[in-house]
Each structure stands twice: as structure tokens, then as C-alpha cells.
Amino acid sequence: MGTLSVNQNKLQKRIRRLAGEAITDFNMIEDGDKVMVCLSGGKDSYTMLDVLLYLQKVAPIQFEIVAVNMDQKQPGFPEHVLPAYLESIGVQYHIIEKDTYSVVKEKIPEGKTTCSLCSRLRRGTLYTYADEIGATKMALGHHREDILETFFLNMFYGGTLKAMPPKLLSDDGRNVVIRPLAYCAEADIEAYSQLKEFPIIPCNLCGSQENLQRQVVKEMLQEWERKSPGRVEIMFRALQNVHPSQLADRNLFDFKSLKIDDSATPRFLDVMSL
């Protein structure tokens, strides 16, 4: 890649800065960590690896990076692409061969969406492998829009207010998952992956699946952003600015114990000062 234009340089700096801020805000990476970077071959995971390699050079701490890809035995999967790329940039890597493709095709009826089962099988295998290689952190490439889409999916279809946290302790307490691109916009990642000419491997396990609930939510967010630029960023900030007392979760806030405080000083609005 030659000299970057002004806009390209701004894009690169923005992605690096936002990833650095997310890592710092959530203490994602600490001195001595071994970070297992999960690569799918998509734009997000390539960008995450690229940014982490840069931060590894400039960060005031020392941490190790090892790239891991899971070969799910999809027919036609170009298994040579990732190893060739990782060798070309000198990154240590492992390829896990696990035939989840057959499991998904066996368990999911034809015409039904496969992403949920596929992701669960993949995640379980990656958790186990992180243990085996002594990784202290497992990095996933989810970005800002992924987190918001998950929030609305859970609200619309699951009746819960939850998303993808930038940092997560697995249920068994043995793995810490981090999402360094949590603050990064998908459009920036798309532009960055084109700029860097990453060898993208499309996921064709499930076909197009155009009616996925996630795709519906994605299009909804894109439409909102088109009509009101900046709305996605505002909604993401809302996830960082939660007021439990203004919701209705009795487990999150003790509504039952709310009583008048006789010692409180009355607060009156001085209309004359308006």
C-alpha cells in the first residue's frame, strides 16, 4: 500500500484511536496478556488484527498476539487464504479444524436460519482452545453496530435489555472475551478493509438468509441513520449511560423501598429566574 491520502490517514487514525480508547476504558488488555485473536476471514476480524498489531508496537505494555481461525469444513472454503496472509505479515497462528458445518446442516431444517447454532458451536470450540494455548484474553471483531443490533434484537424478540458487552467473563469464569472494535463504526471498518485490501473470505455456510432478524434490524438502523445522521452514535452512548431507577427492573433497582424522605430539602423551580 502506497502513501495514504488525507482522508485515508484520518480513517486509519480514527480506527486506531477508537480501538485504543475502548481497550483503555474497559481495561481489555493488560501487561503480559496472551491475546487470542479470532479470525473469521471477514472485514471485522482482519481490521481488529491489524489494529492490535499496531497497538502492540506503540502500547506502554507488553502483550502477545496469536491468531486463530476455525475451519468449519464448509464446502469450497478457501483454506489457504488465511495461512498465506498471516505468514506474509509474520503473525503466529493456529487453524482449528472442526466440522461444525455437518452438525449445523443436520440439526437445522432446510430453510431455517443457522447463525445461532453455528455461533454457539464456534464459540464453545474457541473457548476450549483458548484454555489449551493459555490465552488470557479472547478478542472478537464485533463493532458498534453489531452491539446495537444485538440490543434491539434482544428487546424486540427476546424481551430483555442486553447487548454485547465490550468485555465479558464467560459463564464458567475461565475466559475473558474482549471486543476492541466496540467503539468503531461498521462503515469505517468497511472502508479500512478496502484500503488495506484484506483477502476477505465470505461466509456462505447459511447462504444469503436475507430474512434474518438481524438483517431486518440492521436495515432499520441504517434507515434511521440516513434520516437522522448521528443517531447510531447517540444510541450507542445511551448504552453507556444507563439509569436503573428510570426503568422497571425490580432486580436492578429497589423500587419497593422507595419512601418519602422527611428530612429532604424541598426543591422548587424559580420561574422568575427563567
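Here is a short report on the structure shown in this document. (Residues numbered from 1 in each chain as written. Predicted model: local features only at pLDDT ≥ 70, side-chain atom pairs only at ≥ 80, totals over all residues. Heavy atoms only, no water.)

1. Regarding the sheet that holds strand β2 (residues 64–71)
Two pairing modes exist for strands in a sheet, parallel and antiparallel, and in both the strands are linked by backbone hydrogen bonds. Note the threshold: Two strands make a pair as long as DSSP finds a minimum of two bridges between them. We count a stretch as a helix when DSSP gives it H or I for four or more residues in a row; a strand needs E for two or more, and each element gets its number in order from the N terminus. Between N-to-C directions, angles cover 0 to 180 degrees, with each direction set by a line fitted to C-alpha atoms, over the stretch in contact for helices.
Within the open sheet, the 6 strands sit side by side as β3-β2-β1-β4-β6-β5. Their pairing is mixed. Lying at the two open borders of the sheet, with one neighbouring strand each, are β3 (93–97) and β5 (167–169). Direction aside, the axes of adjacent strands within the sheet are offset by 25° on average. Relative to strand β6 (residues 176–178), strand β4 (residues 137–139) runs parallel, the two being bridged by 2 bridges.

2. Comments concerning the layout of surface pockets
Our working rule: A 1.4 Å probe that fits into a set of points on a 1 Å grid over the protein atoms alone but cannot get out defines a cavity; an open set with protein on both sides within 12 Å along at least five of seven lines defines a pocket, and lining residues are those with an atom within 4 Å of a point. Grid points are joined across faces, edges and corners, and a volume is the space filled by probe spheres set on the points. Each residue is assigned to one class: nonpolar for Ala, Val, Leu, Ile, Met, Phe, Trp, Tyr, Cys and Pro, charged for Asp, Glu, Lys and Arg, and polar for all the others, Gly among them.
Counted as a void, the second largest pocket has a volume near 420 Å³. What lines the second largest pocket is a set of 18 residues, among which F151, A238, L239, Q240 and V242 lie closest to the centre. Secondary structure elements with two or more residues in the lining of the second largest pocket: α6 (144–158) and α9 (231–238). Split by residue class, the lining of the second largest pocket holds 14 nonpolar, 3 polar and 1 charged.

3. A word on the environment of Y183
Here is the rule: Only protein chains enter the accessibility calculation, which uses a 1.4 Å probe; a residue is then buried when its area is under 20% of its type maximum, exposed when over 50%, and partly exposed in between. Two residues form a contact once any of their heavy atoms are found within 4.5 Å. Identification of polar contacts relies on pairs of N or O atoms within 3.5 Å, with a donor-acceptor requirement for protein atoms, meaning one able to donate a hydrogen and the other able to accept it, and with residues adjacent in sequence counted only if both atoms are side-chain atoms.
Tracing the sequence through the fold places Y183 in the loop between β6 and α7 (186–196). The exposure class assigned to Y183 is buried, which follows from its relative accessible area of 12%. Counting along the chain gives 39 residues from Y183 to R144, while the straight-line C-alpha distance between them is 5.3 Å. Each residue touching Y183, except ones within four places of it in the same chain, is listed here: L18, E21, A22, D25, F26, R144, F236 and Q240. Looking at Y183, its side chain comes within polar contact range of the side chain of D25, at 2.7 Å. Among the polar contacts listed, one links the side chain of Y183 to the side chain of Q240, at a separation of 3.3 Å.

In short, shape yes, function no, at least from these values alone.
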